[in-house]
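Listed below are the residues making up each chain.
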Amino acid sequence: MAVSYNKLWHLLIDKNLKKTEMARNVHMSYSTLEKLVKNQPVKREVLERIAKELDCKVEDIMEEKPTSKQKKKLKKNPQEEER
């Protein structure tokens, strides 16, 4: 599964917070912030710190999406989706 942090960026906009401010508040490294920007996986601990800072749940700041390869597989075998 691929990850998407679009929910996080929308939440930051709603709270009028810059990415760098959020990173500083949760003591996140620049490289971890870059991973978030590039929708790359980060440690659950980091996501929990962000969620705590923003007073929300981890599910409110990220979501897992099937990769294009997984989508093709599901189209070929729709029964797999039911599992």
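Description of the structure in this document. Values in this document were obtained by computation on a predicted structure and should not be read as measured data.

Along the polypeptide, Lys57 turns up in the loop between α4 (44-53) and β2 (63-65). Sequence separation between Lys57 and Leu47 is 10 residues, and the spatial gap between their C-alpha atoms is 9.0 Å.

This part is about the packing of aromatic side chains. Following the criterion strictly, the structure yields 0 aromatic pairs and no others. In this arrangement the basic side chain of Lys19 is found over the ring face of Trp9, its NZ or CZ atom lying 4.6 Å from the centre.

For the coordinates displayed, the defined rule picks out 3 salt bridges. Here Glu48 and Arg44 are joined by a salt bridge, their closest N and O atoms 3.3 Å apart. Here Glu48 and its partner Arg44 are both found in helix α4, 4 residues apart, which amounts to about one turn of the helix. What makes Glu48 partly exposed here is its relative accessible area of 43%. Of the residues examined, Arg44 reaches a relative accessible area of 46% and is grouped as partly exposed.

Reading guide: rules and limits
Residues numbered from 1 in each chain as written. Predicted model: local features only at pLDDT ≥ 70, side-chain atom pairs only at ≥ 80, totals over all residues. Heavy atoms only, no water. Helix = DSSP H or I, 4+ residues; strand = E, 2+ residues; numbered from the N terminus. Phe/Tyr/Trp six-rings, centres within 6.5 Å; stacked < 30°, edge-to-face > 60°. Lys NZ or Arg CZ within 6 Å of the ring centre and 35° of its normal. Salt bridge = Lys/Arg side-chain N within 4 Å of Asp/Glu carboxyl O. Buried < 20%, exposed > 50% of the residue type's maximum accessible area, 1.4 Å probe, protein only.

Read these as spatial facts, not as claims about activity.
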